[in-house]
Amino acid sequence: MAGLADSGSNPDVDLLYDINGLAKDAPPWFDRIMEFVGEYGLLFAMVLLVLWCWWGVRRRGGEDAAPSVAALAWAPLAAGVAVLVNVPIRGFVERPRPFNDHQGLEVLVQGKTDYSFVSDHATITMALAVGLFVANRKFGLVGLVIALLEGFCRVYMGVHYPTDVVGGLALGTAVALLLSPLAMALLTPLTRAIERSPRAGWLITTRGRHHVEEGRVAPGARNGAQGTSEERDLAA
């Protein structure tokens, strides 16, 4: 894989210079924004998107609340699993960062000493996006756009080749989709159990809890009504 970066005529390297060249032409303040967005901002946006979707699911309630929350819980878990899978991949490929092999790049983030393939940022955001898509397609589509923007930013910042990003997007997608059936089989019973819990049920849904509370009072009311009926019968 490292051989992909050996020639400047390689499309991977050409695209790297084309995208990273935008950083050279941009004003310094814009590069600082892109540095923050690419390093932290889009990851934070993905987390907020998952939380926003969870908030909507619990407010809506319904029978699909527990499976939906299970899918949302799988999103960050999938991201974590994908990063763990990437550890041996990086060690096997051992692809240096592009700024180590190519001159003239505008590197916006310093201190990157690990290997380049595949991009952890692209892997994490894509795994979150695909996991989110499983739970809610509308939110998932927004997440996919964020993941693609993350990949673009990593190349713009000069810390990854385009193929590093493509590999990360593919890895995040594969882990989130292939392990989703197993994850849902394990997480859905857990979220249903939490939904039935009087203390933790709010994590799954806010709908129906009032009915449960009313149901706890109702038996007493029915008993009272029965008692009145029995008193009337005795009086008769």
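Within each chain, residue numbers correspond to sequence positions counted from 1 in written order. Two thresholds apply to this predicted model, a pLDDT of at least 70 for residue-level local features and 80 or more for giving and counting side-chain atom pairs, whereas whole-chain, interface and lining totals are computed over all residues. Excluding hydrogens and water, the side-chain values take into account all heavy atoms of the structure.

Engineer: Help me out: how do you make sense of the overall build of the chain in this one?
Structural biologist: Secondary structure follows DSSP: runs of H or I at least 4 residues long count as helices, runs of E at least 2 residues long count as strands, and numbering of each begins at the N terminus. Along the backbone of the chain there are nine helices and zero strands. When the helices and strands of the chain are read in sequence order from the N terminus, they spell out α-α-α-α-α-α-α-α-α. To be clear on the numbers: accessible area is Shrake-Rupley with a 1.4 Å probe, and residue cover counts the displayed protein chains and nothing else. Entry remark: accessible area of the chain is about 12,800 Å², with carbon and sulfur atoms responsible for 66%.

Engineer: Just to check I follow, could you spell out the packing of aromatic side chains for this structure?
Structural biologist: How two aromatic rings sit relative to each other is given by the distance of their centres and the angle of their planes. Geometry of aromatic contacts follows a simple scheme: Phe, Tyr and Trp rings, the Trp one being its six-membered ring, pair when their centres are within 6.5 Å, and the pair is stacked under 30 degrees between planes, edge-to-face over 60, tilted otherwise. Following the criterion strictly, the structure yields six aromatic pairs and no others. A ring pair is formed by W29 and F30, whose centres lie 5.9 Å apart and whose planes are at 90°; its orientation type is edge-to-face. Only protein chains enter the accessibility calculation, which uses a 1.4 Å probe. A residue is then buried if its area is under 20% of the maximum for its type, exposed if over 50%, and partly exposed in between. Given the relative accessible area of 32%, F30 is considered partly exposed. Judged by centre distance (6.2 Å) and plane angle (35°), the rings of F152 and Y156 are tilted. Of the two residues, F152 and Y156 both sit in helix 6 (residues 137-156), four residues apart, roughly one turn of that helix. A network of ring pairs unites the aromatic residues W29, F30, F152 and Y156 as a single cluster. When the NZ atom of lysine or the CZ atom of arginine is within 6 Å of a ring's centre and also within 35 degrees of its normal, the charge is said to sit over that ring. We note R58 situated over the ring of W55; from NZ or CZ to the ring centre the distance is 4.7 Å.

Engineer: What should I look at first to understand unusual backbone geometry in this one?
Structural biologist: Looking along the chain, the bond that leaves F117 and enters V118 is cis, with omega of 0°. Notably, E94 is not glycine yet its phi reads approximately 55°, a positive angle. Within the fold, E94 resides in the loop between helix 3 (65-93) and helix 4 (98-101).

Engineer: It is not clear to me how helix 3 should be interpreted in this structure. Could you clarify?
Structural biologist: In an α-helix, one turn spans 3.6 residues, which is why side chains three or four residues apart end up on the same side. In this model helix 3 runs 42 Å from its N-terminal to its C-terminal C-alpha over 29 residues, within 8% of the 42 Å that 1.5 Å per residue would give. Two axes are fitted around each residue, one to the seven residues ending there and one to the seven starting there, and the angle between them is reported as the bend at that residue. Where helix 3 bends most, the angle comes to about 25°, and this point is A75, followed within four residues by the proline P76. Once helix 3 finishes, E94 follows within two positions and takes phi at roughly 55°, a positive value. Any helix carries an expected span of 1.5 Å times its number of residues minus one.

Engineer: Is there a simple way to explain the nonpolar core in this structure?
Structural biologist: As a rule of thumb, soluble globular proteins bury nonpolar side chains together. In plain words, nonpolar cores are sets of buried Ala, Val, Leu, Ile, Met, Phe, Trp, Tyr and Cys residues tied together by side-chain atoms within 4.5 Å. Grouped together as the largest cluster of nonpolar side chains are 49 residues, with contacts concentrated most on L72, L132 and Y156. Among the secondary structure elements, those contributing two or more residues to this core are helix 1 (11-25), helix 2 (28-60), helix 3, helix 5 (120-135), helix 6, helix 7 (162-178) and helix 8 (180-196). Discounting residues that sit within four places of it in the chain, L132 has contacts with L49, V50, C53, L72, A75, F139 and G140. The next biggest cluster of nonpolar side chains, apart from the first, holds six residues, and it includes A82, V93, V118 and L171. Contact between two residues is taken to exist if any of their heavy atoms lie within 4.5 Å; hydrogens are not considered.

Engineer: Explanation requested: the environment of L49 in the structure shown.
Structural biologist: Within the fold, L49 resides in helix 2. The buried category is assigned to L49, whose relative accessible area is 8%. Residues L49 and A129, spaced 80 residues apart in sequence, show a C-alpha to C-alpha distance of 9.2 Å. Not counting residues within four places of it along the chain, the set of residues in contact with L49 comprises L132, F139, V142, G143 and I146.

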